Amino acid sequence: MAVDTTTSQSVAKAAGEDLARGRSRRTDQRPGKFRRAVSTHWYAWAMIAPVVIVLGVIIGWPLVRGIYLSLTDANERNVARTIGVNEIEATYEFVGLDNYTAVLSDPVFLQRLVWTVVWTVACVSITFTLGLVLANMLNRTFKGRGFYRMALILPWAVPGFVSVFAWRFLFNRDNGILNKLLEGGGISAIPWLDDPTWAKVSVIAVNVWLGVPFMMVALLGGLQSISGELYEAAEMDGAGPWQRFRHITLPGLRTVSMTVILLSTIWTFNMFPVIFLLTRGGPGDATEILVTQAFREAFIESPRDFAGSATWGVLILALLMIFALVYRRSLRKQGEVW
């Protein structure tokens, strides 16, 4: 009997080892997560492949090229160029982080950064506030609501450069409509684009004009997704308009608000057309932001400093990436998934 028990235990042990080896072999032969994703969703990968390739060519290559140039001393005098039938080879050299050291130690960088942050915060905060107010107004039922919606979306439909040129005419010191109206009321003309302070006010006003429609439409969509039963229940409990706005509207718009604030911040931080077309960074350099400074380095100043411009561009990208990471971390702490 003892021999039979020992034999049974040996057989069971051998069977267990064979089973374990079989499981191990099956586990080793199991495809990885990436291979399973490709085999399961191959059609999705095939559909996005052209987009990935195009983005890699349009965005990826210039980005890599810009990072490389920022580590050199490239300018219009030492890059490869063709003059008539003569082809001149590039002679610029690798200089490492010298360009970053030079830019970050230059007081101009701090000046541009401070104004860019002020410009961005002012534009985004005013745009969000006006967009929220208008969205709440248009979320109500009243006569002519469709017309007002179309009228408020109109600035978004007009090409940006057309709107900026129109505002430039309005801000004209001698013949602008705004100063004509002020003179008609007995108020002296304002140097909208000739005074540093008024020029900053002007570019902020124009950018807000261009950004409010997007903010309004996005927040209006968020408002319409909030159930009306919540407002009815709150009103029956005696909650006033401010209490309903604070405890129902704002929490209901949190997800939409976080998204549009992030997008608006990135767009405003890099808003080149408004600054360049309205003031050209002037008067002097009062309204220059980081992105217009990068443009000036590469296309306006002589000799054109391609390495310096690339350095400014990489620093702008780094700042936006840091902001996005900090923003995402703060949202996750608040319980928001992004």
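Up top you'll find the structure we're talking about.
Here's a quick rundown of the structure. (Residues numbered from 1 in each chain as written. Predicted model: local features only at pLDDT ≥ 70, side-chain atom pairs only at ≥ 80, totals over all residues. Heavy atoms only, no water.)

## Section: unusual backbone geometry
For the bond running from Gly282 to Pro283, omega is -5 degrees, close enough to zero to count as cis. The topology assignment puts Pro283 in the loop between helix H13 (272–278) and helix H14 (290–299). A positive phi angle, close to 55 degrees, is found at Arg280, a residue other than glycine. Tracing the sequence through the fold places Arg280 in the loop between H13 and H14. Residue Arg280 is classed as exposed on the basis of its relative accessible area, which comes to 51%. (Helix = DSSP H or I, 4+ residues; strand = E, 2+ residues; numbered from the N terminus. Buried < 20%, exposed > 50% of the residue type's maximum accessible area, 1.4 Å probe, protein only.)

## Focus on the nonpolar core
Within the largest apolar cluster, 33 residues are counted, with the highest numbers of intra-cluster contacts made by Trp119, Val203, Ile204 and Val206. Of all the elements in the fold, those that place two or more residues in this core are helix H4 (98–105), helix H5 (107–138), helix H7 (160–170), helix H9 (196–224), H13, H14 and helix H15 (306–333). Discounting chain neighbours no more than four positions away, the residues touching Trp119 are Val203, Ile204, Asn207, Thr268, Met271, Val274, Ile275 and Ile289. Formed by 18 residues, the second largest nonpolar core is a distinct cluster that contains Phe128, Met215, Ala234 and Val260. (Core = buried A, V, L, I, M, F, W, Y, C linked by side-chain atoms within 4.5 Å. Contact = heavy atoms within 4.5 Å.)

## Notes on the side chain of Glu297
Secondary-structure assignment places Glu297 in helix H14. The side chain of Glu297 sits in the buried core without any salt bridge; Arg296 is the nearest counter-charge, 7.8 Å away. Setting aside residues no more than four positions away along its own chain, Glu297 makes contact with Arg304, Asp305, Ser309 and Trp312. (Lys, Arg positive; Asp, Glu negative; His and termini not counted. Salt bridge = Lys/Arg side-chain N within 4 Å of Asp/Glu carboxyl O.)

Any functional reading would require information beyond the geometric quantities listed.
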